[in-house]
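Descriptive structure summary
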Amino acid sequence: MKLQGRENPVTPYFLLAPAFLILLGLLVFPILWNAVVAMHDVKLTTILKEWQFVGFKHYIDIIHDEYFYESLKVSAIFVGGSVLSQWLIGLLLAELLSQRLRGTEMFRAIFILPWLFSAVIVGFSWRWMYNDKFGLINHILRTVGLSTVKWLADPSMAPWSIVVSNVWFGTPFSMLFMGSALATINQELYEAATVDGASRWQTFTRITLPLLKPFIAVNLILITVWTVNLFGLQLTMTGGGPLYSTTTTSLYMYRQAFEMGHLSIGASVGFMLLIINGVLALLYARSMRAE
């Protein structure tokens, strides 16, 4: 499409319009709708009736709910442990697989397998493995002469048990992402460092990590957002118990909205999660830029 021998400046916007409208419908509209629901008194039993406007009442109720603060503590453990472990293990595996040793393609395919399953399947699988009586993990402990552990029944152990499950579930993404990032680094830089007598650790800290900073930021943002919003794993493994020890904020939102029927409270918690995701993403971006 040209105008007087020159390309029409409107053409790029015209071509991007369909994708923009789809993005608007899938992202912006649900956020606005969520905000509207949060400011009205809406329950599952009254969703088809007239909605009563209550303003910020639900946000105030959530702030005064001790279980909400408990869910934030659980989320801090769950997200912190999961994200740090996923990124570190993913980067380590990506670095090992980038060496192109014999059998790396086979191991790459094996390591990707957990990411192909849904959170529900992973949750049920690990729930069986953690079982007190006939679970695989306790069976191994008994075989080597150690005492069994109540992985999901002990409030002090259950959160970390779920973190391990989520690390197994989410690490393949970090491995693939960081592996693709490593492939963008010019190999001549490593050859020059080797000629200059640099050790593998010096090469990794002086060349690899600095060049991976933008990719690390994106990777951390993505896995943090996914972990903050994840609730299917906790729901299928423990249902939030024992004693709310595995009730993350996302699971708290789900239970308020769909188990207790308070759609407005669930929407309010969802909006808070959106703000938390935005703040964490901003902190990641600024920390990487500062370095």
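The preceding data block contains the structure.
To keep things clear, this report deals only with the structure shown in the data block. Every value quoted in this text rests on a predicted model; they were computed, and no experiment measured them.

Within the chain, the secondary structure is distributed over twelve helices and four strands. A principal-axis box enclosing the C-alpha atoms of the chain has dimensions of 85 × 75 × 35 Å. Classification of the 291 residues of the chain by burial places 37% in the buried group. Pairs at least 24 residues apart make up 66% of the contacts formed inside the chain by residues separated by at least 6 positions. Of the roughly 17,900 Å² of accessible surface on the chain, a fraction of 70% belongs to carbon and sulfur atoms. Positive and negative side-chain charges in the chain, numbering 19 and 16 respectively, have mean positions lying 3 Å apart.

The geometry of helix 3 (residues 66-97) relative to helix 9 (residues 200-229) is characterised by a closest axis approach of 10 Å and an angle of 140 degrees between their N-to-C directions. Here helix 3 is positioned oblique relative to helix 9, judged by the angle of their axes. Like other packed secondary-structure pairs, helix 3 and helix 9 cross with a definite hand, here right-handed. Residues Phe 78, Val 79, Ser 82, Val 83, Gln 86, Trp 87, Leu 91 and Glu 95 of helix 3 form the contact with helix 9, whose participating residues are Arg 200, Phe 204, Leu 209, Leu 212, Ile 216, Asn 219, Leu 220, Ile 223, Thr 224, Thr 227 and Val 228. Its residues assigned to classes, the contact of helix 3 with helix 9 comprises twelve nonpolar, five polar and two charged.

Ranked by internal contacts, the top residues of the largest apolar core, which has 38 residues, are Trp 87, Met 178, Leu 212, Ile 216, Leu 220 and Met 237. Residue assignment for this core shows that the elements contributing at least two residues are helix 3, helix 5 (119-129), helix 7 (158-182), helix 8 (187-195), helix 9, helix 10 (232-237) and helix 12 (263-290). By size, the runner-up hydrophobic cluster in this structure holds 13 residues, among which are Ala 38, Val 42, Phe 68 and Met 272.

So, about the packing of aromatic side chains. Throughout the structure, instances matching the rule amount to 17 aromatic pairs. Geometrically, the ring pair formed by Tyr 67 and Tyr 244 is tilted, given 4.7 Å between the ring centres and 35 degrees between the ring planes. One end of the pair, Tyr 67, is in helix 3; the other, Tyr 244, is in the loop between helix 10 and helix 11 (249-259), with 177 residues separating them in the sequence. Residue class for Tyr 244 comes out partly exposed when judged on its relative accessible area of 38%. Taken together, a centroid distance of 4.7 Å and an interplanar angle of 70 degrees make the contact between Phe 173 and Trp 226 edge-to-face.

Let us look at a nonpolar patch on the surface. A cluster of nonpolar side chains, Phe 20, Leu 21, Ile 22, Leu 23, Leu 24, Leu 26, Leu 27, Val 28 and Leu 32, forms an exposed patch at the surface whose accessible area comes to about 890 Å². For Leu 27, the location among the structural elements is in helix 1 (residues 11-38). According to the relative accessible area criterion, Leu 27 is partly exposed, its value standing at 48%.

This part is about the pattern of salt bridges. Following the criterion strictly, the structure yields four salt bridges and no others. Between Asp 61 and Lys 57 there is a salt bridge; the shortest N-O distance is 2.9 Å. Of the two residues, Asp 61 and Lys 57 are both situated in helix 2 (residues 57-63); the distance of four residues between them amounts to about one turn of the helix. Given the relative accessible area of 36%, Asp 61 is considered partly exposed.

Turning to helix 5, a few remarks are in order. Burial in helix 5 covers these residues: Ala 119, Val 122, Gly 123 and Trp 126. Each buried residue of helix 5 sits inside an arc of 100 degrees when the element is viewed along its axis, so together they form one side. On its buried face, helix 5 sits against helix 6 (136-143), helix 7 and helix 10.

We now examine unusual backbone geometry. Residue Gly 241 is joined to Pro 242 through a cis peptide bond whose omega torsion reads -5 degrees. Not every positive phi belongs to a glycine, and Leu 243 is a case in point at roughly 55 degrees. Judged by its relative accessible area of 73%, Leu 243 falls in the exposed class. For Tyr 244, which is not glycine, the phi torsion reads 60 degrees and is therefore positive.

Below, the discussion takes up the environment of His 40. Tracing the sequence through the fold places His 40 in strand 3 (residues 40-41). C-alpha of His 40 to C-alpha of Leu 141: the two residues are 101 residues apart in sequence and 52 Å apart in space. Apart from residues no more than four positions distant in its own chain, His 40 is found in contact with Trp 51, Gln 52, Phe 53, Val 54, His 58 and Ser 264. Within the structure, His 40 has its side chain in polar contact with the backbone oxygen of Val 36 (distance 2.7 Å).

Thresholds, definitions, all that
Residues numbered from 1 in each chain as written. Predicted model: local features only at pLDDT ≥ 70, side-chain atom pairs only at ≥ 80, totals over all residues. Heavy atoms only, no water. Helix = DSSP H or I, 4+ residues; strand = E, 2+ residues; numbered from the N terminus. Buried < 20%, exposed > 50% of the residue type's maximum accessible area, 1.4 Å probe, protein only. Contact = heavy atoms within 4.5 Å. Areas by Shrake-Rupley, 256 points an atom, 1.4 Å probe, with all protein chains shown as cover. Lys, Arg positive; Asp, Glu negative; His and termini not counted. Charge placed at Lys NZ, Arg CZ, Asp CG, Glu CD. Axes fitted to C-alpha atoms, helices over the stretch in contact; angles between N-to-C directions. Parallel < 35°, antiparallel > 145°, perpendicular 65-115°, else oblique. Left-handed = near helix turned anticlockwise from the far one by under 90°. Nonpolar A, V, L, I, M, F, W, Y, C, P; charged D, E, K, R; others polar. Core = buried A, V, L, I, M, F, W, Y, C linked by side-chain atoms within 4.5 Å. Phe/Tyr/Trp six-rings, centres within 6.5 Å; stacked < 30°, edge-to-face > 60°. Patch = residues over 30% accessible without salt bridge, like charges linked within 9 Å, V, L, I, M, F, W, Y side chains within 5 Å. Salt bridge = Lys/Arg side-chain N within 4 Å of Asp/Glu carboxyl O. Arc of directions from axis to C-beta. Polar contact = N/O pair within 3.5 Å; in protein donor to acceptor, adjacent residues only side chain to side chain.

Any functional reading would require information that these geometric values do not contain.
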